[in-house]
Amino acid sequence: MLDLLWLLLPVAAASGWYAARRTTRKKTNSSECFPFMSNRYIRGLNYLLNEQQDKALEVFIEMVEVDSETVETHLVLGNLFRRRGEVDRAIRIHQNLIARPNLERGQKVQALLELGRDYMKAGLLDRAEGVFNELISLGAETSEPYRLLRDLYEQEREWERAIETAQKYEKYRKKSQNEIIAQYYCEIAESDEEQGAIASAAATARKAQGFNKNNVRANLILARCEIKNGEYKRAIKHLSSALDQNPSFFPVILPTVKEVFAKTGKSGALEKFLLQASKIYDGPSLINAQTDLLIEQSRIAEAREILENQLAIKKFTPELIRRYTNLIGGEQVTSVPGSLSRAINVMAELEHEEFSYRCKNCGFEAMSLFWHCPSCNHWNTVHPKDNWMERH
């Protein structure tokens, strides 16, 4: 209640000032010149003190008559309520503004924009869509309705309409939407892929590449489509392109790489791929993949050498230490006490339980990859965490 009191008191003061200003014009010698003696003002404060916030809000809105001098006061109040999560109150204020016949065109546009934002915050997406389309039909000289409508279609996962709106927004704002549009096409392609429409998924992924040739996601989709079609060489080509486009996505690309080479049965080709990858990427997941392959081929000494080289340059992770102790334990059991080995295994397990992905824009962390950050709503900002623990 105290939070709301501090929120409404400035509005009450503004209401009192405005009431005084209006009254002074009519009766300069009247006691009505003093807003703090106004019955309505006192009634509003009483409502506040008695925790009847809705009635207090109505009184103060009535006191601040809507004209060209007070529209901003209403807009600020409405926005404050929306930010506090009290969307119903924000909607009421903005609807009250729009209903006034004396609003200037620019003021009406701003009030409609805020009402649309209120509806989006409340999850009333159909109403928000109607408001933004109304603004566009009014010829509002702002790109905001297009941007907000694009974001709305994102929420509704109406990707075709999101693409259309993003293109209109681009024309109005003169700001490229190619990267976002490419992600929309990837969303459609992945939906087609899940439904078994492989040809359609591949065609749509290529459309994504037409808007952003460096889209890692599109190449991953195309690689999976080629695997389903038995075109393993083409799949490898797409995976290589994805790695070149953004080496930091190696941990995301790796499972599909392993799948391709498992189907071809060419472990030598996988080893060659990993060697090429090491020229542009040196994260722990690459070292783990190399040692896994060597151990599968019973090339224990080579696997141990790779791990020892990493430790020598002071790069390690609990998982790397676990692998190393397992290797030397296999050669000479007494060299690794059982209690130490168990402790190292626990450390490695904890490492696997940590968040694997982080958004570079807002810091959001997750166990799985999101192409669209759920926290800040940016596209392609969530990247794998594949870092060494360096000893200084």
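Refer to the structure presented above.
As the structure is a prediction and not an experimental result, all values here were calculated from the model.

**Focus on unusual backbone geometry**
In this structure, Ser298 takes a positive phi of about 60° despite not being glycine. Here Ser298 is to be found in the loop between α16 (284-296) and α17 (300-312).

**Looking at the environment of Asn96**
Assignment of secondary structure puts Asn96 in helix α5 (residues 87-98). Classification of Asn96 as partly exposed rests on a relative accessible area of 22%. Along the chain, Asn96 and His74 lie 22 residues apart, while their C-alpha atoms are 9.2 Å from each other. Separated by 3.5 Å, the side chains of Asn96 and Arg100 make a polar contact.

**Considerations on the packing of helix α13 (residues 232-245) against helix α14 (residues 250-264)**
Where α13 contacts α14, the two axes come as close as 10 Å, and the packing angle between them is 160°. By the angle between their directions, the pair α13 and α14 is classed as roughly antiparallel. Note that α13 runs across α14; the crossing there is left-handed. From α13, Tyr232, Ala235, Ile236, Leu239, Ala242 and Leu243 reach across to α14, where they touch Phe250, Ile253, Thr256, Val257, Val260, Phe261, Lys263 and Thr264. Grouping the amino acids of the contact of α13 with α14 by side-chain chemistry returns 11 nonpolar, 2 polar and 1 charged.

**Here's the deal with α16**
Helix length check: α16, at 13 residues, gives a terminal C-alpha distance of 18 Å against a target of 18 Å (1.5 Å per residue), a fit within 8%. Of all 13 residues in α16, 10 are buried, a share of seventy percent or more. Restricting attention to buried positions, one finds in α16 the residues Pro284, Ser285, Leu286, Ile287, Asn288, Ala289, Gln290, Thr291, Leu293 and Leu294. Backbone geometry just downstream of α16 places Ser298 in the positive-phi region, at approximately 60°.

Thresholds, definitions, all that
- Residues numbered from 1 in each chain as written.
- Predicted model: local features only at pLDDT ≥ 70, side-chain atom pairs only at ≥ 80, totals over all residues.
- Heavy atoms only, no water.
- Helix = DSSP H or I, 4+ residues; strand = E, 2+ residues; numbered from the N terminus.
- Buried < 20%, exposed > 50% of the residue type's maximum accessible area, 1.4 Å probe, protein only.
- Polar contact = N/O pair within 3.5 Å; in protein donor to acceptor, adjacent residues only side chain to side chain.
- Axes fitted to C-alpha atoms, helices over the stretch in contact; angles between N-to-C directions.
- Parallel < 35°, antiparallel > 145°, perpendicular 65-115°, else oblique.
- Left-handed = near helix turned anticlockwise from the far one by under 90°.
- Contact = heavy atoms within 4.5 Å.
- Nonpolar A, V, L, I, M, F, W, Y, C, P; charged D, E, K, R; others polar.
- Expected span 1.5 Å × (residues − 1).

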